Amino acid sequence: MSRPIHARLDWAALRHNHARVRQVANRSNIWSVIKANAYGHGVLPAAHALEAVADGFALIELNSAIALRKAGIRQPMLLLEGFYQADELPLFAEWELTPVLHALWQVDALIAARLPVRLPVYLKVDTGMHRLGFTADEFAMVLTRLKAADCTESITVMTHFADADEDRGIAEQMSCLRTMANGHALPLSLANSAALLRFPESQADWVRPGIMLYGASPFPARQSADTLGLRPVMTLASELIAVRDIAAGDRVGYGGTFVAEQPMRIGIVACGYADGYPRLAPTGTPVLV
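Residues numbered from 1 in each chain as written. Predicted model: local features only at pLDDT ≥ 70, side-chain atom pairs only at ≥ 80, totals over all residues. Heavy atoms only, no water.

Caption draft 1: Region of the structure containing the packing of aromatic side chains. Taken as a whole, this structure holds 6 aromatic pairs when the rule is applied. Centroid distance tryptophan 31 to tryptophan 206: 4.3 Å. Interplanar angle 25°. Geometry classified as stacked. Placement of the pair is tryptophan 31 in strand S2 (residues 29-33) and tryptophan 206 in strand S9 (residues 206-207), with a sequence separation of 175 residues. A single burial state applies to tryptophan 31 and to tryptophan 206, both of which are buried. Counting every residue linked through ring pairs, the aromatic cluster contains Trp31, Tyr122 and Trp206. The lysine or arginine in question, arginine 279, covers the ring of tyrosine 254, its NZ or CZ lying 4.5 Å from the ring centre. (Phe/Tyr/Trp six-rings, centres within 6.5 Å; stacked < 30°, edge-to-face > 60°. Helix = DSSP H or I, 4+ residues; strand = E, 2+ residues; numbered from the N terminus. Buried < 20%, exposed > 50% of the residue type's maximum accessible area, 1.4 Å probe, protein only. Lys NZ or Arg CZ within 6 Å of the ring centre and 35° of its normal.)

See below:
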């Protein structure tokens, strides 16, 4: 008899959430973000579930992209952190993958590789996140070098928003982007889940929904997933495996963080942090019994 905990995956819900993205960003193409094993939902089944509707898939793992190609997925694939070593570049050409270039060494490696085909590339610019991306001076120089090298099929500009889900919003980063891209008529990919829902001006040529595809709100403190028209793809279910009576003052669990104020009956569910349930989830976190 197996342990009574399991995750249910509803692929119709994934397609529903993708349709919700299409409804909101109806003038944009959609990169369906399936990085990190499709946020833990399974990269291959998620890709197959969206195969008939997806414009393209975005990942961060080269091995996952190749596995999808071998499984017959033909949509464009965007590698959001590009290649990690220069010797991976021939695989990008072989499997028709699009790298995001965010560092000067990647540009040097692409030019030096002299691949047998020109790759479509994305150039990531730093407009305020200050993690990955080219500065304004680097961006102008990189564009010049790539055009001179004639090694790209197309160039798209992308950035990532730091505060699309917060009060600060995206205005400063959009202003920075306009300054950097001034005079360059290039396609754009800007909006993550939060931005495409809150800031229509960020939708551009390609949007990149991630967390909302799986039925989670990108700003849970503001709006719940259901009010955004999203459905959960994964449901975690278990059973009570014990019921106990405890006295007033009894402490329960690691650290004894719950203290019974009166005699009470408690139920123990077969689920713990080894199963992925966050140990920091506070008392009062809702469950459905």
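Caption draft 2: Region of the structure containing the side chain of threonine 156. Within the element layout of this structure, threonine 156 appears in strand S7 (residues 152-158). Once you skip the residues sitting within four places of it in the chain, threonine 156 turns out to touch Val121, Tyr122, Leu123, Pro187, Leu188 and Ser189. (Contact = heavy atoms within 4.5 Å.)

Caption draft 3: Inspection of helix H8 (residues 171-181) at higher detail. For H8, the complete set of buried residues consists of Gln173, Met174, Leu177, Met180 and Ala181. The buried residues of H8 all sit within an arc of 125° when viewed along its axis, so they share a single face. Residues Ala171, Glu172, Arg178 and Thr179 are exposed on H8 and point more than 90 degrees away from its buried face. For H8, the secondary structure elements touched by its buried residues are helix H7 (136-149) and S7. (Arc of directions from axis to C-beta.)

Caption draft 4: Structural context of the pairing of S7. Within S7, 5 of the 7 residues are buried, which leaves the element mostly enclosed by the surrounding structure. Alignment of strand S6 (residues 119-124) against S7, held across 6 bridges, turns out to be parallel. Bridged to proline 120 within S7 is serine 154. You can see the chain leave S6, run along H7 and come back into S7, and the turn it takes is right-handed. With 2 bridges joining them, S7 and strand S8 (residues 188-189) adopt parallel strand pairing. From the neighbouring strand, valine 157 faces S8, where its bridge partner is leucine 188. (Pairing = 2+ DSSP bridges. Right-handed = clockwise from strand over helix to strand, strands pointing away.)

Caption draft 5: The arrangement of the nonpolar core in detail. The biggest cluster of nonpolar side chains holds 66 residues, and the ones touching the most others in it are Ile34, Phe57, Leu59, Leu101, Leu110, Leu123 and Leu146. The dominant element in this core, judged by the number of residues it contributes, is helix H3 (residues 43-50), at 5 residues. Counting residues in hydrophobic clusters, the runner-up holds 9 residues, among them Ala58, Val100, Met158 and Trp206. (Core = buried A, V, L, I, M, F, W, Y, C linked by side-chain atoms within 4.5 Å.)

Caption draft 6: Examining the pattern of salt bridges more closely. In the structure shown here, the tally under the stated rule is 8 salt bridges. For aspartate 150, the salt bridge identified is with arginine 118, shortest N-O distance 2.8 Å. In this pair, aspartate 150 sits in the loop between H7 and S7 while arginine 118 sits in the loop between helix H6 (104-113) and S6, placing the two residues 32 residues apart along the sequence. Judged by relative accessible area, which is 44%, aspartate 150 ranks as partly exposed. The salt bridge involving arginine 168 is made with glutamate 172; its shortest N-O contact spans 2.9 Å. (Salt bridge = Lys/Arg side-chain N within 4 Å of Asp/Glu carboxyl O.)

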